[in-house]
Amino acid sequence: MIATMQLDAVSAVCRGWEGVNACPQDGATTDDWFDATRYLGKRGHRFLSRPVKYALAAARQISDRIAGDAGCGLYLGTSSADAEHRRQVMRGIRLDQSVLPGAASAPGASANGPAGAVARHYKVYGPVMTLTGGDDSGLVCLWQAASAMGRGEVSDCLIGQVEAVTGAAQEDGALLWSLRTQGAAQAGGAPLSDVTFHAWQRLAPGDLDALREKIHETPGRVILIARATPALTAMAEAIQRDVKTPIDFEFLSTDRLSGVVAPDMQLFSLLTLSILNGSEGRILILSQSGHLFSLTVKPKGTDNA
Amino acid sequence: MSCVVGIGMISAIGEDARILGSRGAAFAPHSAFDNPLINDTPFVQGALTEAQARDALGLALTACRNALADAGLDTTTDKVALVLGTGAGDTAALENDLAAPRPFDLAQRLADELGCRGVVLTVATACSSSSYGVALAQDLLEQGAEYVLLCGVEAKSDSSQYTFKSLMALDPNGCFPFQEKRRGTVLSAGAAALVLSAAPAAGATVYGEVKAASLTCDGYHDTAPEPEGLAVRRGIHEALIGAGCSKADIDLFIPHATGTRLNDAIEQRLLGTEFGERATNGQLRLLKGQIGHTCGASSAFSMVCAAVALRDGHANAALIGASAFGGNNASVVMTRRAAALPEGAS
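A few points on the structure. Given the structure is predicted, the values throughout are model-derived calculations rather than measurements. (Residues numbered from 1 in each chain as written. Chains lettered and ligands numbered in written order. Predicted model: local features only at pLDDT ≥ 70, side-chain atom pairs only at ≥ 80, totals over all residues. Heavy atoms only, no water.)

1. Let's talk about the overall build of chain A
Inclusion rule: Elements are defined by DSSP. Helices are runs of H or I of four residues or more, strands are runs of E of two residues or more, and each kind is numbered from the N terminus. For a compact globule the rule gives 2.2 Å times the number of residues to the power 0.38, and the radius of gyration it is set against comes from C-alpha atoms. Type-normalised accessible area, obtained with a 1.4 Å probe on protein chains alone, sets the label of each residue: buried when under 20%, exposed when over 50%, and partly exposed for intermediate values. Contacts were defined at the residue level, with two residues in contact if any of their heavy atoms lie within 4.5 Å. Note on areas: these come from Shrake-Rupley sampling with a 1.4 Å probe, and a residue is covered only by the protein chains present in the view.
From N to C terminus, chain A includes eight helices and 11 strands. For a compact globule of 305 residues, the expected C-alpha radius of gyration is about 19 Å, and chain A comes in at 20 Å, within 12% of that figure. Taken over the C-alpha atoms alone, chain A extends approximately 70 × 45 × 35 Å along its principal axes. When the 305 residues of chain A are sorted by exposure, 59% land in the buried category. A fraction of 70% describes how many contacts in chain A between residues 6 or more apart in sequence connect residues 24 or more apart. For chain A, the accessible surface area stands at approximately 11400 Å², while carbon and sulfur atoms represent 50% of it.

Structural data, given as structure tokens:
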């Protein structure tokens with residue numbers, strides 16, 4: 001076990017999912033759903049990239065939870081934060097000079113731009129980092145937050161993910177967690193849950209035997225979060241039908257978040273929703289790169305004995 | 001704490017880590033871009049072909065294979081985790097296909113090519129990426145990883161070059177870190193890799209130990225460093241404490257030293273204030289004057305350079321600095337292995 005942390009609040013700024021500790025809303029939304037002035041005021045964001053605006057907007061919703069000192073960290077995952085800016089540069093130097101971004105927009109070329117902007121705005125002086133990758137960058141951020149808290153490097157932090165994929169679906173946005181050391185007093189409302197990060201490992205591609213073994217050796221209720229494949233779905237159904245060695249097992253497929261958040265944000269988002277919905281017990285999360293994350297969540301208010 | 005048991009690199013000066021940091025091996029920057037909007041900007045390409053310089057995966061594979069061979073590891077039997085530090089990743093893939101999704105799968109492809117079976121992650125804190133990577137590698141080792149392959153890589157990129165040009169951060173005359181004539185940096189391409197282990201096998205070559213890595217943030221500006229260097233100074237102090245070293249123990253300094261006026265002024269002043277003349281006139285290695293600024297890979301080159309100096313007995317303890325857009329700073333302390341230190345040194 002690496003560390004147990006206290007999840008204080010969740011901030012979502014995505015199409016169809018906005019607010020603090022809120023779940024996705026049903027109903028029609030438009031492609032131009034994001035109005036930066038609603039979150040950031042009328043000035044000061046003209047040259048910011050969309051990922052930076054999303055991250056700042058999400059941070060602002062939980063700004064009362066950000067300590068802003070040397071003991072505060074920030075770990076932000078992304079697989080797309082610099083894409084829009086770099087594409088615009090390439091269009092400008094190849095096709096149309098009039099669209100070339102100027103120096104004021106240059107931070108948009110860095111995947112680290114959203115993390116840097118949040119750190120600057122909220123005076124986060126501890127470790128601030130951007131972890132990139134496929135669909136598990138937010139979960140790697142959770143690992144790093146647990147590691148830093150476990151060794152006492154930070155006492156509180158923001159973690160999360162920001163994506164701007166650009167396309168018809170407009171599934172981009174930001175999702176942030178406010179975390180602090182377990183049991184620490186916090187500003188704002190009551191904490192949501194304790195989150196224990198146990199371990200992560202990398203399974204060989206398609207090694208469902210190792211996954212099945214992991215599920216069976218995990219004590220108590222087990223929730224598996226993963227992108228559904230025919231083989232994985234069949235394995236999950238077989239475990240649920242197994243009367244010889246019955247276990248309390250549930251499989252949550254990322255399919256349910258299609259059209260709500262970008263594919264690369266779905267694992268982290270589904271974990272978040274499980275916690276907001278009061279899930280308790282062990283959660284295993286399998287990413288497309290084969291990483292298997294093992295967590296325990298315990299909603300606040302349940303018996304901690 | 002971890003031990004460096006293998007190193008590898010590829011840069012404008014080739015693949016020989018022994019000449020990294022030596023004088024006289026530098027290549028003059030020259031314009032190397034087809035596009036008229038950036039062909040007036042400098043770039044240090046040196047021994048790298050155009051195809052090599054643009055190929056982030058190829059660069060990383062070369063450095064990593066060199067490092068794994070140097071460590072004598074076989075990824076089919078030795079379980080190796082991979083930490084990749086890069087500012088921009090596989091920029092060629094993005095720049096060659098503006099409609100495709102942004103590929104940030106470089107680490108995954110690298111791990112698959114190398115047969116690494118441990119966890120794989122990528123840190124992208126711009127020009128400080130690799131030194132943030134060493135902190136992540138330390139965590140993995142403390143949590144039970146057998147070996148961690150740390151690789152910093154940056155490829156030649158039109159969009160990066162234009163961005164630095166737009167910031168007027170490039171010096172067409174060359175990269176002159178800590179010199180009065182400096183006017184900016186010169187970008188370059190390359191990759192550097194280190195194999196780290198918490199418990200090296202008997203008989204393994206140990207270059208040195210990574211004793212501590214301190215990460216701090218300016219929280220000041222998106223691209224400019226905080227002028228007083230407060231977070232950098234705090235990071236240096238934290239790294240020294242974490243390493244159990246005093247200021248007097250440090251006898252090799254490899255600062256970020258990009259050749260930009262503000263960054264260098266802050267670092268030069270801090271080193272002078274904290275360590276005195278020996279930090280500015282003595283064992284000071286300014287790598288970007290030799291191989292150019294390899295951005296996210298730059299501090300991996302610094303660690304490789306320190307590892308060689310520590311192994312060869314040219315230094316007992318090295319302080320490596322890195323700073324980046326976003327206000328990210330890192331200070332890393334590396335020392336000779338305890339058994340190799342002269343009596344009285346810590």
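2. Some thoughts on the interface of chain B and chain A
Convention followed: Once two parts are brought into contact, the accessible area they lose, counted with a 1.4 Å probe and summed over both, makes up the buried area. We count a salt bridge whenever a side-chain nitrogen from Lys or Arg sits within 4 Å of a carboxyl oxygen from Asp or Glu. Any N or O atom pair separated by 3.5 Å or less is treated as a polar contact, with the protein-specific requirement of one donor-capable and one acceptor-capable atom, and with residues adjacent in sequence counted only for side-chain atom pairs. Residue type decides the class: Asp, Glu, Lys and Arg count as charged, Ala, Val, Leu, Ile, Met, Phe, Trp, Tyr, Cys and Pro as nonpolar, and the leftover types, Gly among them, as polar. A pair of strands counts as paired when DSSP detects no fewer than two bridges linking them.
With 54 residues of chain B in contact, the opposing surface of chain A contributes 52 residues. Taken together, both faces of the contact between chain B and chain A bury some 4200 Å²; the carbon and sulfur share is 56%. Joining chain B to chain A, the criterion identifies two salt bridges. Among the salt bridges present, the one from Arg 151 of chain A reaches Asp 139 of chain B, with a minimum N-O distance of 2.4 Å. Across the chain B-chain A interface, the total number found is 22 residue pairs in polar contact (both at pLDDT 80 or more). For the side of chain B that touches chain A, the secondary structure elements donating two or more residues are α3 (91-96), α4 (106-114), β4 (120-123), α5 (129-142), α6 (158-166) and β8 (208-217) of chain B. For the side of chain B that touches chain A, the element with the most residues is α6 of chain B, which contributes six residues. In the side of chain B that touches chain A, the residues fall into 26 nonpolar, 19 polar and nine charged. By the bridge criterion, two bridges tie strand β4 (residues 128-132) of chain A to β4 of chain B in an arrangement that is antiparallel.

3. Examining α4 of chain B
When α4 of chain B is considered as a whole, its buried residues turn out to be Leu 106, Ala 107, Gln 108, Leu 110, Ala 111 and Leu 114 of chain B. On its buried side, α4 of chain B packs onto β7 (193-202) of chain A together with α2 (56-71), β3 (80-85), β4 and β5 (147-154) of chain B. Gly 115 of chain B lies just past α4 of chain B and shows a positive phi near 80°.

4. Examining the nonpolar core
Spelled out, the test is: Definition used in this section: a nonpolar core is a set of buried Ala, Val, Leu, Ile, Met, Phe, Trp, Tyr and Cys residues joined via side-chain atoms within 4.5 Å.
If you look at the biggest cluster of nonpolar residues, it comprises 96 residues, and the most contacted ones within it are Ile 159, Trp 177, Leu 179, Phe 197 and Leu 271 of chain A together with Met 334 of chain B. Excluding residues within four positions of it along the chain, Trp 177 of chain A makes contact with Leu 7, Ala 9, Val 10, Leu 142, Cys 157, Leu 158, Ile 159, Val 195, Phe 268, Leu 271, Thr 272 and Ile 275 of chain A. Leu 48, Leu 61, Leu 73 and Tyr 162 of chain B belong to the second largest nonpolar core, which has 54 residues in total.

5. Topic: the pattern of salt bridges
As enumerated under the stated definition, the model contains 30 salt bridges over all chains in all. For Asp 82 of chain A, the salt bridge identified is with Arg 86 of chain A, shortest N-O distance 3.0 Å. The pair formed by Asp 82 of chain A and Arg 86 of chain A is uniform in burial state, with each residue classed as buried. Across the salt bridge formed by Arg 182 of chain B and Asp 264 of chain B, the nearest N and O atoms sit 3.9 Å from each other. You can see Arg 182 of chain B sitting in the loop between α6 and β6 (187-188) and its partner Asp 264 of chain B sitting in helix α8 (residues 261-275), a full 82 residues away along the chain.

6. Looking at the environment of Thr 296 of chain A
Residue and element names in this part refer to chain A. Locating Thr 296 in the fold gives a position in strand β11 (residues 291-299). Given the relative accessible area of 21%, Thr 296 is considered partly exposed. With 159 residues separating them in the primary sequence, Thr 296 and Ser 137 have C-alpha atoms 19 Å apart. In contact with Thr 296, other than residues within four places in its own chain, are Asp 194, Val 195, Thr 196, His 198, Gly 281 and Arg 282. Looking at Thr 296, its side chain comes within polar contact range of the side chain of His 198, at 2.6 Å. For Thr 296, the side chain forms a polar contact with the side chain of Arg 282, separated by 3.1 Å.

7. Some words on the packing of aromatic side chains
As a reminder, the rule being used: Any Phe, Tyr or Trp ring, taking Trp's six-membered ring, that has another such ring centre within 6.5 Å forms a pair; planes under 30 degrees apart are called stacked, those over 60 apart edge-to-face, and the others tilted. We count a charge as sitting over a ring when the NZ of a lysine or the CZ of an arginine lies within 6 Å of the ring centre and within 35 degrees of the ring normal.
Taken as a whole, this structure holds 11 aromatic pairs over all chains when the rule is applied. On the basis of an interplanar angle of 15° and a centroid distance of 5.5 Å, the ring pair of Phe 34 of chain A and Tyr 39 of chain A is categorised as stacked. Across the pair, exposure class does not vary: Phe 34 of chain A and Tyr 39 of chain A are buried alike. Three or more aromatic residues joined by ring pairs form one cluster here, namely Trp 33, Phe 34, Tyr 39 and Tyr 54 of chain A. Across from the ring centre of Phe 33 of chain B, 4.6 Å away, lies the NZ or CZ of Lys 156 of chain B, which sits over that ring. Above the face of the Phe 176 of chain B ring, Lys 181 of chain B is positioned so that its terminal group lies 4.1 Å from the ring centre.

8. Focus: the pairing of strand β7 (residues 190-197) of chain B
Residues and elements named next belong to chain B. Burial analysis of β7 places eight of its eight residues in the buried class, which makes it a mostly covered element. Pairing between strand β1 (residues 2-10) and β7: seven bridges, direction antiparallel. When the sheet's bridge partners are listed, Met 9 is paired in β7 with Ala 192.

9. Some words on helix α2 (residues 50-61) of chain A
Spacing of three or four residues puts side chains on the same side of an α-helix, whose turn is 3.6 residues. Residues and elements named next belong to chain A. The condition is simple: What a helix should span is 1.5 Å times the count of its residues minus one.
Between its terminal C-alpha atoms α2 stretches 17 Å, which fits the 16 Å expected from 12 residues at 1.5 Å a residue. The buried fraction of α2 amounts to 10 of the 12 residues, a majority that puts the element mostly inside the structure. Inspection of α2 places Arg 50, Pro 51, Val 52, Lys 53, Tyr 54, Ala 55, Leu 56, Ala 57, Ala 58 and Ala 59 among the buried residues, and these make up the whole buried set.

10. As for the side chain of Asn 35 of chain B
Tracing the backbone through its elements, the reader meets Asn 35 of chain B in the loop between β1 and β2 (43-44). Asn 35 of chain B sits in the buried class, given a relative accessible area of 12%. A polar contact is formed between the side chain of Asn 35 of chain B and the backbone oxygen of Ile 93 of chain A, at a distance of 2.7 Å. A distance of 2.9 Å separates a polar atom in the side chain of Asn 35 of chain B from the backbone nitrogen of Leu 37 of chain B. Not counting the four nearest positions on each side in its chain, Asn 35 of chain B is found in contact with Ile 93 and Arg 94 of chain A.

11. What about the side chain of Ser 11 of chain B?
All names here are of chain B. Residue position: Ser 11 is located in the loop between β1 and β2. Given the relative accessible area of 0%, Ser 11 is considered buried. Discounting chain neighbours no more than four positions away, the residues touching Ser 11 are Leu 48, Ala 189, Gly 190, Ile 291 and Phe 301.

12. A closer look at the environment of Arg 256 of chain A
Residue and element names in this part refer to chain A. Looking at where Arg 256 falls in the secondary structure, it is placed in the loop between β9 (249-253) and α8 (266-276). For Arg 256, a relative accessible area of 55% puts it in the exposed group. Distance in space between the C-alpha atoms of Arg 256 and Phe 293 is 20 Å, their sequence separation being 37 residues.

13. A look at the pairing of β1 of chain B
All names here are of chain B. The buried count for β1 comes to nine of nine residues, which makes it a mostly enclosed element. Strand direction decides the pairing type here: β1 and β8, joined by three bridges, are antiparallel. Each bridged residue has a counterpart across the sheet, and for Cys 3 the counterpart in β8 is Glu 209.

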